[in-house]
Amino acid sequence: LGLKVVVVVNKIDRDAARPDYVIDKTFELFCELGASDEQCDFPIVYASGFNGIAGHEPDQLEDDLRPLFNTIIGSVHPPL
């Protein structure tokens with residue numbers, strides 16, 4: 001389908017969170033599924049949905065979900 005993907009790593013606030021592992025496995029899955037180079041270069045947002053916080057680095061979360069919403073708006077084309 002050639003759709004743009006935004007990867008959200010949720011529950012980043014948990015002690016057992018392994019964001020690097022999750023991103024590596026996600027990238028491997030995309031490659032195995034034949035995703036395009038553009039799709040494999042996906043934007044990443046780290047979040048804790050329960051706490052309503054997100055950010056572009058796992059250790060630098062903002063006080064709200066604005067980074068997630070801004071990434072979606074900036075990365076995903078609106079419907080036709």
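Reading the values: rules and limits
Residues numbered from 1 in each chain as written. Predicted model: local features only at pLDDT ≥ 70, side-chain atom pairs only at ≥ 80, totals over all residues. Heavy atoms only, no water. Buried < 20%, exposed > 50% of the residue type's maximum accessible area, 1.4 Å probe, protein only. Helix = DSSP H or I, 4+ residues; strand = E, 2+ residues; numbered from the N terminus. Contact = heavy atoms within 4.5 Å. Expected span 1.5 Å × (residues − 1). Arc of directions from axis to C-beta. Phe/Tyr/Trp six-rings, centres within 6.5 Å; stacked < 30°, edge-to-face > 60°. Lys NZ or Arg CZ within 6 Å of the ring centre and 35° of its normal.

**Student:** What am I meant to see in unusual backbone geometry here?
**Tutor:** If a residue is not glycine, its phi is most likely negative; likewise, a peptide bond is most likely trans. A positive phi angle, close to 60 degrees, is found at Lys 11, a residue other than glycine. The class for Lys 11 is partly exposed, based on a relative accessible area of 45%.

**Student:** Explanation requested: the side chain of Thr 26 in the structure shown.
**Tutor:** Among the secondary structure elements, Thr 26 is positioned in helix α1 (residues 19-32). Excluding residues within four positions of it along the chain, Thr 26 makes contact with Val 7 and Phe 42.

**Student:** What is the right way to read the environment of His 56 from this model?
**Tutor:** Examined against the element boundaries, His 56 turns out to sit in the loop between β3 (53-55) and α3 (66-75). Residue His 56 is classed as partly exposed on the basis of its relative accessible area, which comes to 43%. For the pair His 56 and Tyr 46, spaced 10 residues apart in sequence, the C-alpha to C-alpha distance is 6.0 Å.

**Student:** Sorry if this is basic, but what is going on with α1 here?
**Tutor:** Within an α-helix, residues lying three or four positions from one another point in the same direction, as the helix has 3.6 residues per turn. Under the 1.5 Å per step criterion, the end-to-end length of α1 is 20 Å for 14 residues, consistent within 8% with the ideal 20 Å. Among the residues making up α1, those that are buried are Pro 19, Ile 23, Thr 26 and Phe 30. Looking straight down α1, one finds that the buried residues subtend no more than 60 degrees of arc, so they occupy a single side. Exposed and facing more than 90 degrees away from the buried side of α1 are Asp 20 and Glu 32.

**Student:** Before we go on, may I ask you to explain the side chain of Ser 75 in this structure?
**Tutor:** You can see Ser 75 is positioned in helix α3. Given the relative accessible area of 19%, Ser 75 is considered buried. Aside from chain neighbours lying at most four places away, what touches Ser 75 is Lys 4, Val 6 and Pro 43.

**Student:** Whenever I open this one, the packing of aromatic side chains confuses me. Can you help?
**Tutor:** Geometrically, a pair of aromatic rings is defined through the distance of the ring centres and the angle of the planes. Evaluation of the coordinates by the stated rule reveals one aromatic pair. Over the aromatic face of Tyr 21 sits the side chain of Arg 18, whose NZ or CZ is 4.2 Å from the ring centroid.

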